[in-house]
Structures are given as structure tokens and as C-alpha cells.
Amino acid sequence: MSSLPFGPLPAHKPRRFVPERINLGDWAQIAPLFDQLEKRSASCASGADLERWLLDWSELSAALDEESSKRYIAMTCHTDDAEAEKAYLHFVEKVEPEIKPRQFKLARSYVTHPARRKLPEQRYQVFDRDTKTLVELFRPENVPLETDEARLSQQYQKLSGSLTVQFRGEEKTLIQMGRYLEEPDRPLRQEAWELVANRRLQEAGKFEEIFDQLVKVRERIAKNAGYPNYRDYAFRKLGRFDYTPEDCVRFHAAVEADIMPVARELQATRRTQLGVEKLRPWDLAVDPLNRPPLRPFEQVEQMVSRTQSIFAKLDPGLNADFLRMQHLRLLDLANRKGKAPGGYQSTLSEARVPFIFMNAVGVQRDVETILHEAGHAFHALAARDEDLYAYRSAPIEFCEVASMSMELLGNEYLEAFYAAPEAKRARRTHLEGVVNIFPWIATVDAFQHWIYTHPGHTRDERTAAWLELMARFGGDVDWSGFEAARANLWHRQLHIFIHAFYYIEYGIAQLGALQVWANSKQDKTAALEHYKEALGLGGSRPLPELFAAAGCKFEFSRATMAPLMGLVHRELQGLG
Ligand SMILES: [Zn+2]
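This one's a predicted model, so the numbers in the text were calculated from it and none came from an experiment.

Turning our eyes to something else, we now look at unusual backbone geometry. Here asparagine 290, not a glycine, exhibits a phi torsion of approximately 55°, which is positive. The residue asparagine 290 is located in the loop between α10 (245–274) and α11 (300–314) in this model.

The next subject is the nonpolar core. General note: in soluble globular proteins, nonpolar side chains tend to be found buried as a group. Counting residues in each nonpolar core, the largest one holds 148 residues, and the members touching the most others are Phe251, Phe398 and Phe497. If you tally residues by element for this core, the top one is helix α15 (residues 420–452), at 14 residues. Of all hydrophobic cores here, the second largest spans 34 residues; its members include Val18, Ala107, Val111 and Phe127.

Our next topic: the side chain of arginine 280. Topologically, arginine 280 is positioned in the loop between α10 and α11. Overall, arginine 280 belongs to the buried group, its relative accessible area being 14%. One polar contact links the side chain of arginine 280 to the main-chain carbonyl oxygen of aspartate 478, over a distance of 2.8 Å. When residues no more than four places from it in sequence are discounted, the contact partners of arginine 280 are Arg186, Val477, Asp478, Trp479, Ser480 and Phe482.

Before going further, it helps to examine the coordination of the zinc ion. Coordination sphere of the zinc ion, protein contribution only: His372 (NE2), His376 (NE2), Glu400 (OE) and Glu400 (OE), at 2.1 to 2.5 Å. Taken together, the 4 donor atoms surrounding the zinc ion define angles of 53 to 138° at the centre, an arrangement classified as irregular. Within one chain, the residues serving as donors to the zinc ion are arranged as H-x3-H-x23-E. With histidine 372 and histidine 376 both in helix α13 (residues 364–382), this residue pair falls 4 residues apart, about one helical turn. For the pair shown, histidine 372 and histidine 376 are each scored as buried.

When you line up the elements, serine 403 lands in helix α14 (residues 396–410). Using a relative accessible area of 0% as the deciding quantity, one classes serine 403 as buried.

Counting buried positions over the 8 residues of strand β5 (residues 353–360) gives 8, a clear majority of the element. Examined bridge by bridge, strand β4 (residues 344–348) and β5 share 5 bridges and lie antiparallel to one another. Note on β5: the bridge partner recorded for serine 346 is phenylalanine 355. Hairpin geometry of β4 and β5 is characterised by an intervening segment of 4 residues between the two adjacent antiparallel strands and by a positive phi of about 60° at arginine 352.

On the basis of which strands lie adjacent, the open sheet formed by 3 strands has the order β3-β5-β4 and mixed pairing. Each edge of the open sheet is held by one strand with a lone partner, namely β3 (331–334) and β4. Sheet twist, expressed as the mean angle between neighbouring strand axes with direction ignored, is 15°. Against the sheet, helix α2 (residues 47–77) contacts β3, β4 and β5, and its axis sits at roughly 140° relative to β4.

The next point concerns the packing of aromatic side chains. Counted according to the given criterion, the structure contains 45 aromatic pairs. For the ring pair phenylalanine 251 and phenylalanine 438, a centre distance of 6.2 Å and an interplane angle of 45° mean the geometry is tilted. Here phenylalanine 251, found in helix α10, pairs with phenylalanine 438, found in helix α15; they are 187 residues apart in sequence, far enough to count as distant. We classify phenylalanine 251 as buried; its relative accessible area is 0%. Judged by its relative accessible area of 0%, phenylalanine 438 is buried. Above the plane of the ring of tyrosine 124 lies arginine 123, whose end atom (NZ or CZ) is 5.6 Å from the centre. The ring of tryptophan 440 carries arginine 492 above its face, with NZ or CZ at 5.5 Å from the centroid.

Rules used throughout
Residues numbered from 1 in each chain as written. Predicted model: local features only at pLDDT ≥ 70, side-chain atom pairs only at ≥ 80, totals over all residues. Heavy atoms only, no water. Helix = DSSP H or I, 4+ residues; strand = E, 2+ residues; numbered from the N terminus. Core = buried A, V, L, I, M, F, W, Y, C linked by side-chain atoms within 4.5 Å. Buried < 20%, exposed > 50% of the residue type's maximum accessible area, 1.4 Å probe, protein only. Polar contact = N/O pair within 3.5 Å; in protein donor to acceptor, adjacent residues only side chain to side chain. Contact = heavy atoms within 4.5 Å. Donors = N, O, S within 2.8 Å, 3.2 Å for Na, K, Ca; no water. Tetrahedral: all angles 85-135°; square planar, octahedral: opposite > 155°, others 65-115°. Pairing = 2+ DSSP bridges. Axes fitted to C-alpha atoms, helices over the stretch in contact; angles between N-to-C directions. Phe/Tyr/Trp six-rings, centres within 6.5 Å; stacked < 30°, edge-to-face > 60°. Lys NZ or Arg CZ within 6 Å of the ring centre and 35° of its normal.

Below, the structure written as C-alpha cells:
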């Protein structure tokens, strides 16, 4: 693949099972490897045989994963390259659907394998429970229902993505309209906000219809799998072994008690600074002092070298990791024509190295993104000596601790990008974002708890439940005249439609990241040592142990949240 930003990557280990010369985009060449693994599982008599078998399976999974990643990277780096797109789509449409049932068969033969009991229990505890759950939840009658769910999800995405408005004589997507909410001109902001809100409202009936169907399909999936409701099913499906719905309810209560006062205070400050009587929905994204946007760098090379200097101050190991990524050309960061939007970190699972993709244009958001994605990259590098493929990545609740911690830790050294007052401003904006995301996470999560524990609810009851949450977590924003927009605000939250229940992970992780940051205020070196140690565990231990290794508690009630918010509050006061 010539269109990759990096050259051939040194293999972490020579292959043992997958042939050196194989086309991993050709199912006919891959299938015999699955055949062999299926056959061999029967002849694994000892624990050692079974472990060897697991490692060969890991090698195959990693090779296939890397093939998929490379094709994805090539496509997103060159959206104008028809060959690259064809190669990626071929893999997704022709190879992956063949792989999935075969992976499932291997998982099932592992779960029922007589030699499994001979494996060291502690070592395989996490792998066992994940694999067992995967197998236990499987119901053939749910396969067509999951297809229905995917189809409905796609309808949501299509509908959301198709919406445009006419603004000042030009057709604009709703995403493009977002930037007008940062304009100092208040009537302009209001005009832009109203256009978008009204455009969504025009489709409210369609959003509700899609969602009604999604809820029905999900309820049936849960019933088929033997669960009383979809919430309980989703907790299993998402591998939430270490926390319960009740823990999430405690999280909501803690946000209300300990974060809402800080969020309200920030809103009051914003209102005063803006000099307005009431904060309206279009007043939330603009700089409250009407300052021009921060400009942290001109050239992407500056972003890289300044980020490097932050890591140099933080930790020699992380500094070396980031240098290594540059040498291997594992960064494609500049915005240019022909690149897909957004940013991501992807792991090349066989070489066991990370790759970072971004569209940097010289704004503060880019600095946050590079620190965030670098945190994910450090995670991949820290766990690279783990031979079991499944253990080289952690659950999302901890992956985001790796990345969000790096945002908080890196932000201590923003003087690499700015003079002191601008650095303060950037830190303040970041911390305000940390505070403000919690109420939204609580709203989105609590809403879904309500939905899936109230089967047969009507649309009116659902709206009432949403409005109750908006009252708890919306703070002091005046929506008068826009009641319908407020009642339907959840239509814009993609997760509610296409990734049910997947959202509180970010809140759980942020609590971990805040603890890492709080620890670093006491002892930076020790905090970073714990951080790296925890990253090095990959996904080999349950969440509470990963958090403990990082020096954090895996606990999200008021006892954890209150002191962390106290720290954030003091920091914000210090930043003026
Ligand atoms: Zn992330």
C-alpha cells in the first residue's frame, strides 16, 4: 500500500502461524488458517497446548486487524484515491463478514474447551469472562434483529447528515453552522442557532419514529437473550462486569450534587462577562470576553515540536515514545485537501505501534486533540509486549483515562504554545469543558436508563422524562420561546440512537483522569509512574485493578467526585 504515510514497519515478533507471504485481503487465503485453528483446538490436551493455540489465534487476529487499519488509514489520508477506497470497502464487505462467524466459532470452542481449566486462572480471568459473555449472549434469532438495528441506525445517520439550512444565501450543513455560535455578534448567533433548531424540529416526527422502532427491536433482542429489559442486557453486552446500573444512578446523583453548583457558577460568570440578563442557548460557545481565537501555532511542525517539549517536561519515557512515532512517520496531522475530517488514533496490531491522524489547522482544539490522541498512543506502546491480542487493549472506561489524563497533564505546560495569559485562558477553557460535559453525560445516561426500564412508554411520557432531566442538569439557561427545541434536544445525540448506553464511559474515565491529575499535583513523578504502569497492563486486568494501578479509585459516587470538583473549582479560581 503505497499511499500510507509510513514505510514498512518492523515486526514486533516474527510470525509463527500466519504465513509470511499471504494476501490478507483475500478470504480464500485466510479461510484455511481458521480451518486449521478449529481443527487444532480438538487436539489441545494440555494447558500449554491451549495457550499456544490462543497465541496463534492472537497472531491471526492481529494480522487481520492491522490489515484493516492500514486500509482505513490509506483511505482517510487520501479520500481522492479510488483504489484506496476500493481496497477498504473490499475488506469491510467481503472479508470481515467472513471473519466474524469464524471468530465466534473459535470463541465457542475455547469456552467449552476441557483444557481451559488447566490455564492459570488469574491470567485468563478477564479473557474468560469476556469470551464467555460473547458466547452466552449469542442467539441466532437475534442476528436478523441486529441487522434491523443497524439499518435503523443508518437511517438516523442518513437523516442527521442530510440536514442543511440556507444561511446568508448559502446552503450549510448543521455542523458547518456550529462555528457561528462562537461569533461575538449575539443576534447573528441567535439567527444561526434558531435556524438549526428549527431545521431539526421539522424532522422531529421522523427522529421519534426511528427511535420508537429502535426501542422495540432492542427490547426483543434482550428478551430473546433471556434478560428482563434491554438495560440489563446492554450492561452484559458492553462487558460491564465491574459496575451496575445502581452505580450509574449514584453517578447521576453525584453530578447533580457536586458538579451542578460549579456548572451554575460558571454560567453566572459567563452571563456577567457577556453582560446579558439571561443566558440563552446561543450564548454557550462564544468566548465570554469576545477575544479573538487562540493561535497556538502556525505550522504543524511547530505543533509537533511544542508537544514534544511538553512530553520532555513530563516524562523521559513518554518523550522517547513520541520521538519514536515521529521517526517511524506514525503521525499524519496537517489538514490538507483529500483528507477525511476529524482525528483518531489507530493501532497497527501486528507491528504493535500506534498511528495518529488529525486535521490540525492552528487552533487550541488541535492542542487538546494531539495530547489526547498521544495518550491513546502511549497506551498502545505501553502494552505492546503483551502477546495475547485481546489484552493489548483496555476497556474504553480506561482507554479514555490514558488520553484524558494526558490532556490534563499536558495542559500544565501550555506555555510551550502561549504567553502566560493565553496559556491560562486555554487551561480555563479546557477545565470548563471538563465541568460542563458531566451534566450532559448524566442527562444522556439517565435518559436511557429511564427509556429501557419503562417498556411500552408513550412519546409524551418519554418527553416528560427528558424534560425532568433537563431541569436537573441543564443549569440556568433560559429556553423560553424555544420549549419544543428543548424537549427534542436529545435527537441530536447520536449515541442514544446508534450506540445505546455507550456514553457514561467518558464520565467514568474523566473521573479517573482527574485523579491522575490530582495525584500529579502531589507528586508528579510518582503519578506518571503509576500512569505508565497502568497503561502497561493493557486489558489484562479488570477495571478496578487498572484504576488502582493508575493510583485511582474506580468509584463514582460523591465521595470521589466532590473532592475532584473542589480541585477543579480552586484551579478555575486561580485562572481568573
Ligand atoms: Zn479518546
